[in-house]
Amino acid sequence: MNTSILPELRARLPRLSRAAARVARLAIARPGEVARMTIGEIAQAAEVSEPTVIRFCRSLGHAGWPDFKVRLAASLMAGVPYVHSSLTPGESVAGLTDKVFDNAVSTLLRVRDGLDPAAVESAIGLLTQARRIEFYGVGNSGIVAADAQHKFFRFDLAVAAYADSHVQSMAASLLGPADVLVAISHSGRSRELLESAALARANGCPLIAITASGTPLAELATLPLTADTQEDTALYSPMISRLAHLAIIDVLALGVALRRGDQASRVLEKTKKSLIGKRRP
């Protein structure tokens, strides 16, 4: 069982008051330090009052700050470290390399432990039985959608990936109950993507969303596969979330391959043979 409280904090952030969100963000960004702080120190660091800290802890079901600290400390010892180290202007190449890889590894482990196995199994079932599968994403998520199309078409499935919002709208209007739409978005708030997803849902098409928890896209989805990552996508292009989304696509693709059994193996063998003459010895 995953005992980490950090995914829960990230999921609750949009619903917290401004003051409580300051406490939550501090715990998410510096969990090791926060687990050693007194209630006065956390109040000062988050620039809130001590009663605010207590109310924050109780809103999460804890008796108070000491109880919350015990749970936070347990999260750090659960085998899934939370690492989100900010880069500095004078960062060395070694420091840059360490932080990028540490952030990627820790994020992938947290996303893995946060995935609902039942939802993943249901998503694999939908994809295996689908008449047609379409992957939608915009910007960086469009690249993930293209990667998904590249993986799934090799199973001899009717698959397409669209990154253009106009094409997404037209294609979504043609989807139905026998098809599956997989919408990919870290923010889960892209207006064009949401409109296309809503069109497909109105036609009875199942919607699998790969996005952060608590987003409009997650709420719209038939099956949300949530990947909560800590990165400032308002300022930088998504990097860590893209890796998490790619990993989820890999899980779905391999799951479909296993469900299709020998049929998938025969098709993959044919596609590999087609490439033999394109490689130098």
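Preceding block: the structure.
Bear in mind the structure is a predicted one, so any value in this text is a computation, not a measurement.

Colleague: I'd love a proper account of unusual backbone geometry, names of residues and values included.
Modeller: Despite not being glycine, E47 shows a phi value in the positive range, around 60°. Residue position: E47 is located in the loop between α4 (39-46) and α5 (50-59). If you check the backbone angles, D156 has positive phi at about 65° while not being a glycine. Within the secondary structure, D156 is located in the loop between α9 (140-152) and β2 (159-162). Note on D156: relative accessible area 57%, which makes it exposed.

Colleague: Just give me the short version of the nonpolar core, but keep the residues and values in it.
Modeller: Counting residues in each nonpolar core, the largest one holds 32 residues, and the members touching the most others are L127, I133, F135, F152, V182, L225 and L252. If you list the elements that add at least two residues to this core, you get α8 (117-129), β1 (133-136), α9, β3 (180-184), β4 (207-211), β5 (223-226) and α13 (240-260). Broken down by element, the residue count for this core peaks at seven residues, all from α13. In contact with L127, not counting residues within four places along its chain, are I133, F152, V180, V182, I208, L252 and V256.

Colleague: How would you summarise a nonpolar patch on the surface if you had to cite specific residues and measurements?
Modeller: Residues L96, V100 and F101 make up a contiguous nonpolar surface patch of roughly 270 Å² in combined accessible area. Structurally, the position occupied by V100 is in helix α7 (residues 93-114). Residue class for V100 comes out partly exposed when judged on its relative accessible area of 39%.

Colleague: Report on helix α11 (residues 191-202), specifying residues and quantitative values.
Modeller: An ideal rise of 1.5 Å per residue puts 16 Å on 12 residues; α11 measures up with 16 Å between its terminal C-alpha atoms. When α11 is considered as a whole, its buried residues turn out to be L193, L194, S196, A197 and A200. One face of α11 carries all of its buried residues, which in axial projection span an arc of 165°. Opposite the packed face of α11, turned more than 90 degrees from it, sit the exposed residues R191 and A202. Elements that come into contact with the buried residues of α11 comprise β1, α10 (165-172), β3, β4 and α12 (216-220).

Colleague: Could you give me a rundown of the pairing of β3, with the residues and numbers involved?
Modeller: With respect to burial, β3 is a largely interior element, five of its five residues being buried. The side-chain alternation of β3 yields two buried faces, one formed by V180, V182 and I184 and the other by L181 and A183. Alignment of β1 against β3, held across four bridges, turns out to be parallel. Its bridge partner lying in β3, F135 is registered against V182. Of the strand pairs in this sheet, β3 and β4 are connected by four bridges, and their pairing is parallel. The residue of β4 that forms the bridge with I184 is I210.

About the cut-offs
- Residues numbered from 1 in each chain as written.
- Predicted model: local features only at pLDDT ≥ 70, side-chain atom pairs only at ≥ 80, totals over all residues.
- Heavy atoms only, no water.
- Helix = DSSP H or I, 4+ residues; strand = E, 2+ residues; numbered from the N terminus.
- Buried < 20%, exposed > 50% of the residue type's maximum accessible area, 1.4 Å probe, protein only.
- Core = buried A, V, L, I, M, F, W, Y, C linked by side-chain atoms within 4.5 Å.
- Contact = heavy atoms within 4.5 Å.
- Patch = residues over 30% accessible without salt bridge, like charges linked within 9 Å, V, L, I, M, F, W, Y side chains within 5 Å.
- Areas by Shrake-Rupley, 256 points an atom, 1.4 Å probe, with all protein chains shown as cover.
- Salt bridge = Lys/Arg side-chain N within 4 Å of Asp/Glu carboxyl O.
- Expected span 1.5 Å × (residues − 1).
- Arc of directions from axis to C-beta.
- Pairing = 2+ DSSP bridges.

Coordinates in, geometry out; function isn't part of it.
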